[in-house]
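For reference, the chains in residue letters:
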Amino acid sequence: MGGMWGSTRIGWILAANGPIPGLHSTELQAVPQCSLMENPSLTGIPLPYARPIDSGKLRPPRSAGRTIARERLNERLLEARRQRCVVLSGPAGCGKSTLLLSWRQQLLSLGFDVAWLTLTPDDNDLTRFLDCLLASIAEVAPPLIQEADFLEGCASDREAVERTVITLVRSVSRHPRDLVLMLDDMDHLTDSGIHEALQWLLDYAPPNLHLAFASRAVPPLSLARLRSQKEILELDLRDLRLTLEESEQFLKSQLGSIDAAEVRRMHDMTDGWAAGLQLLCASRKANRGGNAADQMELRDTRAFASFFEAEVLSFLSPDDLELLRHMAVCSRFCAPLCAALTGRPEALDEAAALITRLENANLFLIPMASAERQSWYRLHPLLRDTLLEHFAARHPTERQAVHVRAWIWMRDHDQLDEAIRHAVLGGESAAAAQLIVERAESLQVVGDLRTLVELMRLLPAEEIRKRIPLRVLAARMLLFARNFAACAEELERLECDVPESDTSTRFSLAIVGAVLAVQRDDTDSAFALLPRLLHPPKDANPLMIGGNLNVLSWLYMHRGEYELARRIQLERPPLHCNGVPLVGSAAGSLQGRCLVGLSLAMEGQMIQAERIYREVMYEAERHGKSCSEARHLAAALLGAVLYEFNEVEAARDLLERWVDIVERVSIPDSVLRVMVTLACTHWVAGNRMEAFACLERLEAYASKLGLDRLLAYSLLYRIHWHLQLGEQAEAEAKLARIHEIDTRNPDAEYSALKEVRIISEYAQVRIQDTSGDVLGAARRLEQLIALCERHGRQALVARMLMHCGVLYARAGRREAAHARVMEALRRGHRFGLLRSLLDTHPTAIDLIDEVARSESLDLVLSFYVERLQACRPTNTATAAQLKRLEKTAAGAEPLKERELEVLRLLAQALPNKKIARALGLSPETVKWYLSQIYSKLGVRSRDEAVAWMRDLETGR
């Protein structure tokens, strides 16, 4: 089978970085089949690594002044605390955020967990939104998002997002407390993908997950079912408008003594609109609320802007007004930034004083929660919109000058994303692009590649086109988007554009090209680049040198030179980048140890491989999130070892947990290893439908990416099992498909596709056996053994020797049979193999028993045979049936109508995708329903679920 490094994140390391700390996994979403230069905004590529999220978004804003207790609404919200959803909709300034804050305090006092997220226009991107959503939940309990965070980093296509949502709700369902997720300013979200993700979150939410939305308009979600189930509370402007009593309470809190007639007049002027009342109070405090207030109704945003102009802005000093206009340019600000924006650093005291006055006057200034030493604020949207109109009226040269000052200040304070945005707006795109080039290496060292790609998105196309380093980075983005054709085209252009004298860049191109070949399962093309990889230039980027070592390890593993592959990892030079150790980092060393373990597993040395994987997992858990990738990689590789040691259930549990991630982010070898092993765990457990489903999933993956070798493996294992079930015709049909694959892939010296010939021959052996030509099958198998021996695939050789013994025994050649079995036992013991021998044929264990009785085994080999005999299959079907009957007797939770529909189609042996098409659902939704069905019935597989239904129908 083979394997490599387990995930695209490792592929990223392999392509560029070497082992570096703090990486997040990724598979980048495919972009249209075009050059990156024809898609300069990079909008088709989700960001691979989580960029830092402003902590102020994840914490509720601090109160900017006195508020009123809205008892009638608080009571309604408190009664709705167990409902699925709460929606607050109304125009800006009607008190939605304040009401959420009040409810939050009530919930916390009752033992609820509350996650908060303030949304901005920058979050109207699916990947960015998911980052923020998970980060907000992590503020409550980081373990809740651990698996979803990893999946979310892998891709942002529709199916991947649904997987992320399902993983998240499953995690929340295990949380011991109710969790309320509050999304404020949701009107900024117009992306249909975000709406779909939120719809899934609503549809799949467990009983302990509740969502609250505050928006200027009703969110574009399907809420009809929740309304019919009385699982939603909706409050709109009619509810949010202040009553006369609430207006009186608010006015007295702001102005002190006020007569009833004045309260009635101001309430009528604003129609209970909180923002209007607040503005009237500000004007009245300044003794400017006379005639203007008498003549104007403050009931909408246009009236607000006009009144603010007349009653607030017109009375500010020129310096204060200038400061206020500059505040609006940035989404958040502090006093030093405001002073810098004016071009007068000495205005720091003026800026601080103005901010203090605005805050004390409760004048639409919102303090932001922040762990930084500096106090940060944002303007209320109503006020900011008004001020931005002022700013837009200025001459373009003046506007650019302000953006340039913002760019310089933010650059110097390491706020790179905002810095680049202002640089582009200020006409400094070239300087911004150069900054990205300068910062690229340090960002990669700390694993902050998402920031790097997002910064590139902000640049104009021509600035990317002018800079080779940015184009190389873009090519790598396309590679891990699995947009292989576009990546290859960009590499071709770069090969032409990069001069021969630029040896460092050409070395980087060779590494990217090698990884592209690996992703395409084209090792011949990868080996064609080997001469360029063996001689890195002296000025090569240390990150690329580290990645090159991983490429070389993988190539040597596929050539059967396992010792050399290990030596490359164990003798790494002490690389540094800007003073940061690459090899010495915890994440880096653990990644290298995973590759060492994989080389041992490919060679057949399972015992040593297991030890390394477990050590890596232990160390990765100790180091936390920075080493999460090494932990996930080791876990996926460990699954195959656990199965080999007959720890079938443990292997299944482990691989089922990570299979979605591996499929989405891994290279072909790792996907093959995990899918086949998971299928085998189900087969051994008696779950025939699940086993075939895993192989069908592998076929779909292989067909989608054009990976013939993986397709051939999926067919080989099905042939083996079809024959065991007596389904000769189905097996022969799949053999014909393997032969077709073989004919279009002639053998090559190093290509991974050489395995297709081995697969084809091995499939023919099995067909010949069941067709009666047992000796012909044995002779063919002997030739295969010699071929595999030359390539150092010892685990496969041991398996084939065992199978050869079975064939000779079936032909009546007991002496030859015993000789082959004895050799298989010696090799199996040496490499720690169990299932490799037992899975060769249903009668393998019986033949081992026979050899053990008739041959003189030494103590060590005798003990090994006892271990094999202990793996003899048990009557798992009967045990499963007893569990089903116990569940039925105890009264299983009834299935819903849709769940019954899924179960009926499941009983027809339909795969998930066909069930999805039949019911008009997505495959991920079908998987979700299956998990609910399994949970309710107390079963763990398709076979058990269908058997449960049949038992119930027949009354057994």
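Residues numbered from 1 in each chain as written. Predicted model: local features only at pLDDT ≥ 70, side-chain atom pairs only at ≥ 80, totals over all residues. Heavy atoms only, no water.

Caption draft 1: Region of interest: the overall build of the protein chain. Looking only at helices and strands, the protein chain features 50 helices and 9 strands. Among the 956 residues that make up the protein chain, the fraction classed as buried is 60%. Within the protein chain, contacts between residues at least 6 apart in sequence are counted, and of these 71% link residues at least 24 apart. With an accessible surface of roughly 37100 Å², the protein chain has 51% of that area assigned to carbon and sulfur atoms. (Helix = DSSP H or I, 4+ residues; strand = E, 2+ residues; numbered from the N terminus. Buried < 20%, exposed > 50% of the residue type's maximum accessible area, 1.4 Å probe, protein only. Contact = heavy atoms within 4.5 Å. Areas by Shrake-Rupley, 256 points an atom, 1.4 Å probe, with all protein chains shown as cover.)

Caption draft 2: Region of interest: the side chain of D521. Mapped onto the secondary structure, D521 falls in the loop between α26 (503-519) and α27 (523-528). Overall, the relative accessible area of 4% leaves D521 in the buried class. In this structure the side chain of D521 is engaged in a polar contact, spanning 2.8 Å, whose partner is the side chain of R709. (Polar contact = N/O pair within 3.5 Å; in protein donor to acceptor, adjacent residues only side chain to side chain.)

Caption draft 3: Geometry of the packing of aromatic side chains. Under the defined criterion, the tally for this structure stands at 6 aromatic pairs. Plain terms: the ring middles of F333 and Y377 are 6.4 Å apart, the flat faces sit at 25° to each other, and that makes the pair stacked. Note that F333 is positioned in the loop between α15 (318-327) and α16 (335-342) and Y377 in strand β7 (residues 376-379), a separation of 44 residues in sequence. You can call F333 buried: its relative accessible area is 1%. Measuring from centroid to centroid gives 6.2 Å for Y717 and W721, while their planes differ by 65°, and the two rings are edge-to-face. (Phe/Tyr/Trp six-rings, centres within 6.5 Å; stacked < 30°, edge-to-face > 60°.)

Caption draft 4: The arrangement of the confidence of the model for the protein chain in detail. Put simply, the protein chain has an average pLDDT of 81, and 83% of its residues get 70 or more. Per-element averaging of pLDDT across the protein chain places helix α1 (residues 8-17) at the bottom with 36 and strand β3 (residues 179-184) at the top with 96. Between residues 875-882, whose pLDDT stays under 50, and residues either more than four places distant or in other chains, the model counts 6 contacts. A low-confidence stretch, residues 884-890 stays under pLDDT 50, and its non-local contacts, those more than four residues away or across chains, total 14 contacts. (pLDDT = per-residue confidence, 0-100.)

Caption draft 5: Structural context of the sheet that holds strand β1 (residues 85-89). If you walk across this open sheet you meet the 5 strands as β2-β3-β4-β1-β5, and the pairing is parallel. The open sheet has two edge strands with one neighbour each: β2 (113-118) and β5 (232-235). Within the sheet, the average angular offset between the axes of one strand and its neighbour, ignoring direction, is 10°. Across 5 bridges, β3 lies against strand β4 (residues 209-215) in parallel orientation. (Pairing = 2+ DSSP bridges. Axes fitted to C-alpha atoms, helices over the stretch in contact; angles between N-to-C directions.)

Caption draft 6: Main features of the packing of helix α39 (residues 754-771) against helix α40 (residues 774-790). Axis separation between α39 and α40 bottoms out at 8 Å; the angle between their running directions is 160°. Regarding the angle of α39 to α40, the classification is roughly antiparallel. When you trace α39 past α40, the crossing you get is left-handed. Residues I758, E761, Y762, Q764, V765, Q768 and D769 of α39 form the contact with α40, whose own contacting residues are V774, G776, A777, R780, L781, L784, L787 and C788. Of the residues belonging to the contact of α39 with α40, the class tally is 9 nonpolar, 3 polar and 3 charged. (Parallel < 35°, antiparallel > 145°, perpendicular 65-115°, else oblique. Left-handed = near helix turned anticlockwise from the far one by under 90°. Nonpolar A, V, L, I, M, F, W, Y, C, P; charged D, E, K, R; others polar.)

Caption draft 7: Main features of the pattern of salt bridges. Counted according to the given criterion, the structure contains 53 salt bridges. Its salt-bridge partner being R559, residue E561 comes within 2.5 Å of it at the nearest N-O pair. With relative accessibility at 29%, the residue E561 sits in the partly exposed group. Of the charged contacts in the structure, one is a salt bridge between R566 and E563, with a shortest N-O distance of 3.1 Å. Of this pair, R566 and E563 are both found in helix α30 (residues 562-570), 3 residues apart, which corresponds to roughly one turn of the helix. (Salt bridge = Lys/Arg side-chain N within 4 Å of Asp/Glu carboxyl O.)

Caption draft 8: Examining the pairing of β7 more closely. Side chains of β7 alternate between two faces, with W376 and R378 and Y377 and L379 buried alike. Here strand β6 (residues 365-368) pairs with β7 via 4 bridges, running antiparallel. If you follow P367 over to β7, its bridge partner there is Y377.

Caption draft 9: Representation of helix α48 (residues 912-919) within the structure. Listing the buried residues of α48 in full gives N912, I915, A916 and L919. When α48 is viewed along its axis, its buried side chains cluster within an angular range of 100° and face the same direction. Across α48 from its buried face, at more than 90 degrees, point the exposed residues R917 and A918. With its phi angle positive at about 70°, G920 sits one or two positions after the end of α48. (Arc of directions from axis to C-beta.)

Caption draft 10: Representation of the environment of A160 in the model. Tracing the sequence through the fold places A160 in helix α6 (residues 158-173). Overall, A160 belongs to the buried group, its relative accessible area being 2%. Between the C-alpha atoms of A160 and I661, which are 501 residues apart in sequence, the distance is 9.4 Å.

Caption draft 11: Quick look at the environment of L595. Within the element layout of this structure, L595 appears in helix α31 (residues 586-603). Taking the C-alpha atoms as reference points, L595 and Q569, 26 residues apart in sequence, are found 7.6 Å from one another.

Caption draft 12: Main features of helix α36 (residues 688-705). Helix length check: α36, at 18 residues, gives a terminal C-alpha distance of 26 Å against a target of 26 Å (1.5 Å per residue), a fit within 8%. Those residues of α36 not exposed but buried are E690, A691, F692, A693, C694, L695, L698, E699, Y701 and A702. Of the residues one or two after α36, G706 is the one with positive phi, at around 70°. (Expected span 1.5 Å × (residues − 1).)

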